[in-house]
Amino acid sequence: MAAAEVARQGEGCRTVPLSGHVGFDSLPDQLVNKSVNHGFCFNILCVGETGLGKSTLMDTLFNTKFEGDPASHSQPGVQLKSSTYDLQESNVNLKLTIVSTVGFGDQINKEDSYKPIVEFIDAQFEAYLQEELKIRRVLHNYHDTRIHACLYFIAPTGHSLKSLDLVTMKKLDSKVNIIPIIAKSDAISKSELTKFKIKITSELVSNGVQIYQFPTDDESVAEINGTMNAHLPFAVIGSTEELKIGNKMMKARQYPWGTVQVENEAHCDFVKLREMLIRVNMEDLREQTHTRHYELYRRCKLEEMGFKDTDPDSKPFSLQETYEAKRNEFLGELQKKEEAMRQMFVQRVKEKEAELKEAEKELHEKFDRLKKLHQDEKKKLEDKKKSLDDEVNAFKQRKTAAELLQSQAQQAGGSQTLKRDKERKNFF
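- With an unreviewed UniProt entry as reference, the protein is termed Septin, source organism Lepidothrix coronata.
- Per UniProt, the comment on the protein under Sequence similarities (unreviewed entry) is "Belongs to the TRAFAC class TrmE-Era-EngA-EngB-Septin-like GTPase superfamily. Septin GTPase family."

Here it is, written out as structure tokens:
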């Protein structure tokens, strides 16, 4: 009776046909579409001495001729040069950033060669952290410059790692995913290359250097990644020159004794590197950078700022309480600094006043001395002037007397001449 009632009520309802399958199993497709529309970014750091073929390998990896001039061996220090390129494959856009270490290993003193690299990596972490801490964040449009993979180029010496390589990798292993590769591996023989790989692995383990291990927790890639982990470090060769081998054009290097094919796994591990770096584990490298290396940097930075997850009683730590405590601590330190500066200012003022009083006293004493000296000089000059005036008056009196005597003598001489003239006239 109830079923018939429901049927009668549903006779006048409009039915809507389904346009397709309904289910939450479409979520992966939604994520894929969203990610494809947004695009991806991938940042590679190439560390190695000048002349090991870093730029050539990048061109070969992405089958693109990237712009750049060869670096000289006369750099005064290590400089990091970053270049960003927009690549497209099918309908997927990739913003690729390649960072090269210009001048690495060219200096006589290589003690601090790793510092600019560490500072650059930390600077990218700091920029991302500052963006996260903003009130209005735009992380969906933010250009993430954090280094996702570090390709460390090892010179094909065939003996052992250089001290510079060990020190640099040890400083970087907690900050970036290190993938060691033997550059220009066609420079040594196959037997030497096998021994060189074993030697490198042994030295990395003995020195506690943690290199990136391809993940084996995912069943879909566990087998291939486990196999590739055993081939580390990869022995690679790069070349942008294409030669006709058989009926195909292939990237190769032509030598007088033969041809080395870059994409031939019997000749080098270039294909293995490309597969592991780009096709299989690129997303894991990005995830490891964010969840491991960046989180370590973020945690250390926040702990330096005084933020913690729990208080001493193992209770959740309030962000507001942490902020207030840090603010009060900062204000207390600021007040102490202000008081210390005020005391220092008062002390400096007192010292300056004492110096000014002493200088004023010295000036008064100097003025008194100069005044007394001036008076003495004035008195001497007055006495000398009086003496000169007396001498002038005496000279004038003598002159007047002399002139009087001279006039009297002239008058006496004139009268005698007249008398003689008269006597002479009377005689004649």
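### A look at the UniProt feature "coiled-coil region" (unreviewed entry) in the protein
Here is step 1: With numbering matched to this structure, UniProt assigns "coiled-coil region" (unreviewed entry) to residues 342–398.
Here is step 2: Helix makes up 100% of residues 342–398 and strand 0%, and the two end C-alpha atoms of the span are 82 Å apart.

### Section: the environment of Ser 72
Here is step 1: With respect to the element layout, Ser 72 can be found in the loop between α3 (54–61) and β2 (79–89).
Here is step 2: Judged by its relative accessible area of 33%, Ser 72 falls in the partly exposed class.
Here is step 3: Along the primary structure Ser 72 and Cys 46 are separated by 26 residues, whereas in three dimensions their C-alpha atoms are 16 Å apart.

### As for the sheet that holds strand β9 (residues 258–261)
Here is step 1: The antiparallel open sheet is built from three strands, whose spatial order is β7-β8-β9. Strands at the two margins of the open sheet, each flanked by one partner only, are β7 (242–245) and β9. Each neighbouring strand pair of the sheet contributes to a mean axis angle of 65 degrees, computed without reference to strand direction.
Here is step 2: In terms of strand pairing, β7 meets strand β8 (residues 248–255) through four bridges, oriented antiparallel. By the bridge assignment for β8, Leu 243 is matched with Met 250.

### A word on helix α4 (residues 115–133)
Here is step 1: With 19 residues, α4 should reach 27 Å at 1.5 Å per residue; the first-to-last C-alpha distance of 26 Å fits that figure.
Here is step 2: Within the span of α4, buried status applies to Ile 117, Val 118, Phe 120, Ile 121, Asp 122, Gln 124, Phe 125, Tyr 128, Leu 129, Glu 131 and Glu 132.
Here is step 3: Residues of α4 that are buried in the fold lie against β1 (40–47), β2, β3 (92–102), α5 (163–172) and α9 (282–304).

### Some thoughts on the packing of aromatic side chains
Here is step 1: Scanning the model with the defined rule gives ten aromatic pairs in all.
Here is step 2: Aromatic side chains Phe 125 and Tyr 294 sit 6.0 Å apart centroid to centroid with 55 degrees between the ring planes, which places their arrangement in the tilted category. One end of the pair, Phe 125, is in helix α4; the other, Tyr 294, is in helix α9, with 169 residues separating them in the sequence. Tyr 294 shares its class with Phe 125; the two are buried.
Here is step 3: Aromatic pair Tyr 255 and Trp 257: ring centres 4.9 Å apart, planes at 5 degrees, arrangement stacked.
Here is step 4: For Tyr 255, a relative accessible area of 23% gives the class partly exposed.
Here is step 5: Three or more aromatic residues joined by ring pairs make a cluster, and in this case those are Phe 125, Tyr 128, Tyr 142, Tyr 294 and Tyr 297.
Here is step 6: Positioned above the aromatic ring of Tyr 128, the side-chain terminus of Arg 146 is 3.7 Å from the ring centre.
Here is step 7: Sitting above the plane of the Tyr 294 ring, Arg 146 keeps its charged end 4.8 Å from the centroid.

### Observations regarding the nonpolar core
Soluble globular proteins tend to pack their nonpolar side chains together in the buried interior.
Here is step 1: With 72 residues, the main nonpolar core has Leu 151 and Leu 277 as its most contacted residues.
Here is step 2: Per-element accounting of this core gives the leading share, seven residues, to α4.

### Details of the pairing of β9
Here is step 1: Where β8 meets β9, four bridges bridge the pair, whose relative direction is antiparallel. Bridge pairing in β9 places Gln 254 opposite Thr 259.
Here is step 2: If you look at the hairpin formed by β8 and β9, you'll find two residues sitting between the two strands.

### Overview of the side chain of Asp 173
Here is step 1: Tracing the sequence through the fold places Asp 173 in the loop between α5 and β5 (178–182).
Here is step 2: When neighbours within four sequence positions are excluded, Asp 173 is seen to be in contact with Ile 178, Gly 208, Val 209, Gln 210, Arg 292 and His 293.

### Things to note about the confidence of the model for the protein
Here is step 1: Per-residue confidence for the protein averages 87 on the pLDDT scale, and 90% of its residues sit at or above 70.
Here is step 2: Highest mean pLDDT in the protein belongs to strand β4 (residues 149–154) (96); lowest belongs to helix α1 (residues 2–10) (53).

### Side note on the packing of α4 against α9
Here is step 1: Relative orientation of the contacting elements α4 and α9 amounts to 80 degrees, with a least axis distance of 10 Å. In terms of orientation, α4 lies roughly perpendicular with respect to α9. Between α4, through Asp 122, Phe 125, Glu 126, Tyr 128, Leu 129 and Glu 132, and α9, the contact on the second element is made entirely by Thr 289, His 290, His 293, Tyr 294, Tyr 297, Arg 298 and Lys 301.
Here is step 2: Considering only residue class, the contact of α4 with α9 consists of five nonpolar, three polar and five charged.

### Regarding the sheet that holds β2
In sheet architecture, strand pairing relies on hydrogen bonds along the backbone and comes in two forms, parallel and antiparallel.
Here is step 1: Spatially, six strands are ordered β2-β3-β1-β4-β5-β6 in an open sheet, and the strand pairing comes out mixed. Looking at which strands have only one partner, the edges of the open sheet turn out to be β2 and β6 (234–235).
Here is step 2: Bridge analysis of β5 against β6 gives two bridges, and the strand direction is parallel. Within the sheet, the bridge partner assigned to Ile 181 lies in β6 and is Phe 234.

### Considerations on the state of the cysteines
One covalent bond between the sulfur atoms of two cysteine residues makes up a disulfide.
Here is step 1: Across all of its chains, the model carries zero disulfides by this definition.
Here is step 2: Here Cys 150 stays unpaired: no disulfide links it, and the sulfur of Cys 46, its closest cysteine neighbor, is 8.1 Å away.
Here is step 3: What makes Cys 150 buried here is its relative accessible area of 0%.
Here is step 4: Cysteine Cys 300 shares no disulfide, and the gap to the nearest cysteine sulfur, in Cys 150, comes to 20 Å.
Here is step 5: Cys 300 gets classed as partly exposed once you look at its relative accessible area, which sits at 34%.

How each quantity is defined
Residues numbered from 1 in each chain as written. Predicted model: local features only at pLDDT ≥ 70, side-chain atom pairs only at ≥ 80, totals over all residues. Heavy atoms only, no water. UniProt positions renumbered as here; feature names shortened; annotations may be inferred. Helix = DSSP H or I, 4+ residues; strand = E, 2+ residues; numbered from the N terminus. Buried < 20%, exposed > 50% of the residue type's maximum accessible area, 1.4 Å probe, protein only. Pairing = 2+ DSSP bridges. Axes fitted to C-alpha atoms, helices over the stretch in contact; angles between N-to-C directions. Expected span 1.5 Å × (residues − 1). Contact = heavy atoms within 4.5 Å. Phe/Tyr/Trp six-rings, centres within 6.5 Å; stacked < 30°, edge-to-face > 60°. Lys NZ or Arg CZ within 6 Å of the ring centre and 35° of its normal. Core = buried A, V, L, I, M, F, W, Y, C linked by side-chain atoms within 4.5 Å. pLDDT = per-residue confidence, 0-100. Parallel < 35°, antiparallel > 145°, perpendicular 65-115°, else oblique. Nonpolar A, V, L, I, M, F, W, Y, C, P; charged D, E, K, R; others polar. Disulfide = S-S within 2.5 Å.

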